[in-house]
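# Notes for the structure review
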Amino acid sequence: MCGIIGYLGYREAYPILINGLKKLEYRGYDSSGIAIFYEKGYSLCKTKGRVYDLEKKICLNKIKISGTTGIGHTRWATHGIPNDLNAHPHVSNSNNLIIIHNGIVENYYAIKIVLSKNGFTFKSKTDTEVLVNLIEFVKKENQLSLEEAVRISLNEIVGAYSIAVVDKSHPETIVIAKLGSPLALGINDKEFFIASDPISFIDYTKNALYLKDGEMAILKKGRELDLRKIGDNHKLNPIIEKLKINLKQIEKGKYKYFMLKEIYEQPKTILDTLRGRLLISTKGNEIICINGIESNKDVFINAKCITIVACGTSWHASLIGEYLLEELARIPVEVEYASEFRYRNPILDRRNVIIVISQSGETADTLAALKLAKKKGAFVFGICNVVGSSIARNVDAGVYTHAGPEIGVASTKSFTAQITVLILLALKIGKYRSVINELRYKNLCQELISIPEKVDFVLKTDNSIKKISKEYYNVNNFLYLGRGINFPVALEGALKLKEVSYIHAEGYPAAEMKHGPIALIDSNMPVIIIATKKGFYDKIVGNVQEIKARKGKIISIVNEGDVQVSMLSDHIIKIPIISEELSPLITVIPLQLLAYQIAYIRGENVDQPRNLAKSVTVE
Ligand code: F6R
């Protein structure tokens, strides 16, 4: 988590850093800071709070902000509470070296003890302050250049980092390095932009170099770029890519929050995910093209089982994937939390296929699970949204979801894009394994094409969802129920509500309710129940009756034309009829809207919920 930014060039660094930090706030927003360098020194400002608070502090204290070299940081606290002292940048004891850091120095405590014995003192509780002092110690003891001191120090570090370091006496140089946390370098004629995510410099340049793990770069004014391996100092050839981000994708447009914009984008993002992958020929033949599967056809045909590994919302999509792959491709599937999988000793060999799912492609636990699976000889397939992310680069093969940048911290459009990919995957593998009936394959492909239009229709329920939200925004608990493929949708609905409104919510398989949670039901408990016709309708009617008998408030997601559940419900949200396999793409939309509307009415900052960050790069 945390976002880092830097600039080295000929323009004023301050506006570039501040605007860039605002775009990085999705990565963490509990404190922020900048350092701007000028010929004989630097000014530093850091504060608890958001970039907006930083700007206010700079203005109030009339801090000098002129200079053409600068670094900045937006924090998601790991070591030390969010306060001014723990905020980055951090400064070494001699006041000469200044650093920003995203990641964790796991062995910081042992290093801190050694440094303390050598007379170093620490103002903050952070691992980063230890790192900058280690660099200083190594530099002084061995009379080294900054870059060499950084390189040698990093070889002593256990953990993850993307860093930028400046020596105040040489503000024409910035040293950057990466291991485990993302780091991109924007390059223009005579200027460099450093960032955790290139969206923060896309206004200035589309030429970018993604540093790989174990790489560092020495940037010098005038566009001198020296790329090296941290391990052995071997010189590397920089490979510069053209970024394909469209500026509109990272602006809120007419929406108050990115989360709402991203919910409303789903008809388009689902279409983008399908584009070029689901082809209907003029003769009416349906073809699914996924290169990563085609070039590994035998792996999928011969797989003895598939394990899907992910976290959070991506884990919920994985549960839907389990249902789809078992149903349509007839392969046994397990779903694992990445954080658990990585610390077990899973029994894997080359006939195991591991699918890792991640929006950001940077989630530390998922990345570690991927590396473990590869080490054990399994074939690893990735489903990622962020192009060029660490997970995307480390898998054996994979597919991008193409949902575009997701800025709202709560995942919405990336969830439906992941499900869309999983449907395509299950159909394609089912076809390869000759286990799916031709008519079923054809009908599902045809129905998939109609999904964006159906999502558009469901978005029109927003007004009735607003009314429901006004009635329930003040309750303390919500229960979400679903069955079969819609059970993970219930989990996802509950997670969305918790994240953005801070109301406690639980998702349950509807039939499990009577094994415990039914005790919670009384006239104060709203229960959201997904009760679509295809699936387990009759069983769900029974579950709804049980809630009604205990005076629970029933909000049901039903199909058009529904009678039975509608009669028993306090509120109904109508959605179009669709095959059960595709239904999560539709049933989740009202749940996303409900979470948003309730949080909005409660006055929460929907895009930046407390304690969360978009990209969880710490375990
Ligand atoms: C929930 C949410 C998180 C992420 C989780 C995994 O709205 O955003 O639960 O789904 O942190 O992130 P990725 O998919 O980037 O690996």
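Residues numbered from 1 in each chain as written. Predicted model: local features only at pLDDT ≥ 70, side-chain atom pairs only at ≥ 80, totals over all residues. Heavy atoms only, no water.

### Quick word on the overall build of the protein chain
Looking only at helices and strands, the protein chain features 21 helices and 27 strands. A globule of 619 residues ought to have a C-alpha radius of gyration of about 25 Å, and the protein chain, at 26 Å, matches this closely. With respect to the three principal axes, the spread of C-alpha positions in the protein chain is 80 × 55 × 45 Å. The proportion of buried residues among the 619 residues of the protein chain is 60%. Looking at the protein chain alone, contacts between residues at least 24 apart form 71% of all its contacts between residues at least 6 apart. Summing over all exposed atoms, the protein chain offers an accessible surface of approximately 24200 Å²; the carbon and sulfur share of this is 51%. The averaged location of the 66 negative side-chain charges in the protein chain is 2 Å from the averaged location of its 80 positive side-chain charges. (Helix = DSSP H or I, 4+ residues; strand = E, 2+ residues; numbered from the N terminus. Rg over C-alpha atoms; globule rule 2.2 N^0.38 Å. Buried < 20%, exposed > 50% of the residue type's maximum accessible area, 1.4 Å probe, protein only. Contact = heavy atoms within 4.5 Å. Areas by Shrake-Rupley, 256 points an atom, 1.4 Å probe, with all protein chains shown as cover. Lys, Arg positive; Asp, Glu negative; His and termini not counted. Charge placed at Lys NZ, Arg CZ, Asp CG, Glu CD.)

### Some thoughts on the pattern of salt bridges
Overall, the coordinates contain 26 salt bridges when judged by the stated rule. Across the pair Asp 272 and Arg 275 runs a salt bridge whose closest N-O atoms are separated by 2.4 Å. Judged by relative accessible area, which is 14%, Asp 272 ranks as buried. Beyond isolated ion pairs, a larger network of salt bridges with shared partners links Lys 178, Asp 213 and Lys 371. (Salt bridge = Lys/Arg side-chain N within 4 Å of Asp/Glu carboxyl O.)

### Considering the site of the ligand
Close to the ligand lie 15 residues; Ser 314, Ser 358, Gln 359, Ser 360 and Thr 363 are nearest. Here Ser 314 contributes a side-chain N or O atom positioned 2.6 Å from an oxygen atom of the ligand. Val 409 is positioned with one of its backbone polar atoms (N or O) 3.3 Å from an oxygen atom of the ligand. Surface burial for the ligand is 91%, taken as the share of its 410 Å² of free accessible area covered by protein chains. Of all the secondary-structure elements, those providing two or more residues to the shell around the ligand are α10 (312-329) and α18 (487-501). (Near = heavy atom within 4 Å. Polar contact = N/O pair within 3.5 Å; in protein donor to acceptor, adjacent residues only side chain to side chain.)

### Section: helix α16 (residues 451-459)
Within the sequence span of α16, burial applies to Ile 451, Pro 452, Lys 454, Val 455, Val 458 and Leu 459. Burial along α16 is one-sided: seen end-on, the buried residues are contained in an arc of 160°. Here the buried face of α16 lies against α6 (258-264), α7 (266-274), α15 (438-449), α17 (462-472), β27 (571-575) and α21 (584-601). (Arc of directions from axis to C-beta.)

### Quick notes on the nonpolar core
Core analysis: the largest hydrophobic core is formed by 90 residues, its most contacted members being Ile 355, Phe 381, Leu 425, Leu 427, Leu 448, Phe 478 and Tyr 480. When residues are assigned to domains, this core turns out to be shared by domain 2 (276-453) and domain 3 (460-612), each giving three or more. One finds Ile 5, Cys 45, Ile 245 and Ile 250 within the second-largest nonpolar core, a separate group that totals 28 residues. (Core = buried A, V, L, I, M, F, W, Y, C linked by side-chain atoms within 4.5 Å. Domains from an automatic or database assignment.)

### Some points on the packing of helix α14 (residues 413-432) against α15
One can describe the packing of α14 onto α15 by two numbers: an axis separation of 11 Å at closest approach and a directional angle of 160°. The orientation of α14 relative to α15 falls into the category roughly antiparallel. When the axes of α14 and α15 are compared, the crossing they make is left-handed. On α15, the residues touching Ile 423, Leu 424, Leu 427 and Lys 431 of α14 are Glu 438, Tyr 441, Leu 444, Cys 445 and Leu 448. (Axes fitted to C-alpha atoms, helices over the stretch in contact; angles between N-to-C directions. Parallel < 35°, antiparallel > 145°, perpendicular 65-115°, else oblique. Left-handed = near helix turned anticlockwise from the far one by under 90°.)

### Side note on the sheet that holds strand β24 (residues 504-509)
An order of β24-β23-β25-β26-β27 is seen for the five strands of this open sheet, with the pairing classed as parallel. Bordering the open sheet on either side are β24 and β27, each of which pairs with just one other strand. Direction aside, neighbouring strands of the sheet carry axes that sit 15° apart on average. When strand β23 (residues 477-482) meets β24, the two strands line up parallel, connected through six bridges. (Pairing = 2+ DSSP bridges.)

### Some remarks on the side chain of Ser 389
With respect to the helices and strands, the residue Ser 389 is situated in the loop between β21 (379-384) and α13 (390-394). Setting aside chain neighbours within four positions, we find Ser 389 in contact with Ser 360, Gly 361, Glu 362 and Cys 384.

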